[in-house]
Amino acid sequence: MRIIAGKYGRRRLDPPRGLNLRPTTDRAKEALFNSLSAQYEIEKLRVLDLFAGTGGISLEFVSRGVNSATAIERQSKHASYIRCAADILDKEILTSEQLVVITRPVEQYLRQYDGPPYDLIFADPPYDLPWLANIPSLVFASKAWGHGTAFVLEHPSSVDFSRVPHFAWHKSYSTVQFTCFLNS
């Protein structure tokens, strides 16, 4: 796993063996962040990273100076790795609360969340997740989703979200698909 740009750009982190992961490719991650940087002031964003896995997306946001990132990952081994990776990059990341890692199922977190809406929500669920098609409605029903929130969902090409409410755009990078929804 590699941090592409920002304060920790070009740093490589190696997740331990045995983690069941499908990290976002560097090419797709770079394209996504180029697109987001053109639309948003990254430094001002409060970001929610669902299905955080190794934390590659959260750590990329932190490297680029995001206001705060909250990583939700149900697997305790994965959540521990995210904390370890953040500590390797900079011991201040976790203590400054620029990155908060929560070990909890995504659906439980979204149903129980009672804080202010996030500016940007990113989700990279397992491609074989049985309820993948229901993720947008779960996000839209949550208090994490509010006026002005953007929600970017990474998904396989076998799922089309273009007819889902709040659809804004879709981008394809080889086998990686990103669909964005806007609450305007």
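See the structure above.
Per chain, residues are indexed from 1 in the order of the written sequence. With the structure being a predicted model, the display of local features is reserved for residues of pLDDT at least 70 and the display and counting of side-chain atom pairs for 80 or more, all residues being used for whole-chain, interface and lining totals. In computing side-chain values, all of the structure's heavy atoms are included and hydrogens and water are not.

Trainee: Looking at this structure, I do not really get the pairing of strand β4 (residues 120-123). What am I missing?
Mentor: In regular strands, side chains alternate between the two faces of the sheet. Residue alternation in β4 divides its side chains into two sets, Leu120 and Phe122 and Ile121 and Ala123, and both sets are buried. When DSSP finds at least two bridges between two strands, those strands are taken to pair. Here a strand is any run of E in DSSP of at least two residues, a helix any run of H or I of at least four, and the numbering for each starts at the N terminus. Note: strand β1 (residues 46-50) against β4, four bridges, orientation parallel. Across the sheet, Val47 pairs through a bridge with Leu120, a residue of β4. Pairing analysis gives four bridges linking β4 to strand β5 (residues 150-155), with the strands arranged parallel. Of the residues in β5, the one forming a bridge with Ile121 is Phe151. Residue exposure (1.4 Å probe, protein chains only): buried if accessible area is under 20% of the type maximum, exposed if over 50%, otherwise partly exposed.

Trainee: Can you walk me through the environment of Ala71 in this structure?
Mentor: Positionally, Ala71 belongs in strand β2 (residues 68-72). Given a relative accessible area of 0%, Ala71 falls into the buried group. Note on definitions: a residue-residue contact is assigned when non-hydrogen atoms from the two residues lie within 4.5 Å. Dropping the residues within four chain positions of it, Ala71 is found in contact with Asp49, Ala52, Ser58, Ile82, Leu99, Val100, Val101 and Ile102.

Trainee: Mind showing me how you'd approach the packing of aromatic side chains here?
Mentor: Given two aromatic rings, one states the distance between the centres and the angle between the planes to describe the pair. Put simply, two rings from Phe, Tyr or Trp (the six-membered ring, in Trp's case) pair if the centres are within 6.5 Å, and we call them stacked under 30 degrees between planes, edge-to-face over 60, tilted for the rest. Within the structure shown, the criterion is met by eleven aromatic pairs. The interplanar angle of 35 degrees and the centroid separation of 5.3 Å between the aromatic rings of Tyr113 and Tyr118 together place this pair among those described as tilted. A single burial state applies to Tyr113 and to Tyr118, both of which are buried. What links up through ring pairs into an aromatic cluster is the set Phe140, Trp145, Phe151, Phe161 and Phe181. We count a charge as sitting over a ring when the NZ of a lysine or the CZ of an arginine lies within 6 Å of the ring centre and within 35 degrees of the ring normal. Just above the ring of Tyr118 sits the side chain of Arg46; from NZ or CZ to the centre is 4.5 Å. The ring centre of Trp169 lies 5.0 Å from the NZ or CZ of Lys171, which sits over that ring.

Trainee: Explanation requested: helix α2 (residues 56-63) in the structure shown.
Mentor: Given 3.6 residues per helical turn, the α-helix brings residues three or four places apart onto the same face. Of all eight residues that make up α2, eight are buried, and the element is covered over most of its length. Residues Gly56, Ile57, Ser58, Leu59, Glu60, Phe61, Val62 and Ser63 constitute the buried set of α2.

Trainee: Even after reading the chapter, I still don't get the sheet that holds strand β3 (residues 99-102), so can you show me in this structure?
Mentor: Within a sheet, each strand pairs with its neighbour through backbone hydrogen bonds, oriented either parallel or antiparallel. As summarised here, the arrangement of the seven strands in space is β3-β2-β1-β4-β5-β7-β6, forming an open sheet in which the pairing is mixed. The open sheet terminates on both sides in strands that have one partner only, identified here as β3 and β6 (167-173). Across the sheet, the axes of successive neighbouring strands diverge by a mean angle of 15 degrees, strand direction being ignored. In this structure, β2 lies alongside β3, joined through four bridges in parallel fashion. Following the sheet pairing, Thr70 is matched in β3 by Val100. Helix-sheet contacts for helix α1 (residues 26-39) involve β4, β5, β6 and β7 (176-182), and the interaxial angle to β6 is about 145 degrees. With axes taken as lines fitted to C-alpha atoms, and helix axes fitted only over the stretch in contact, angles between N-to-C directions fall between 0 and 180 degrees. In the packing of helix α3 (residues 76-89) onto the sheet, the strands contacted are β2 and β3, and the crossing angle to β3 comes to about 160 degrees.

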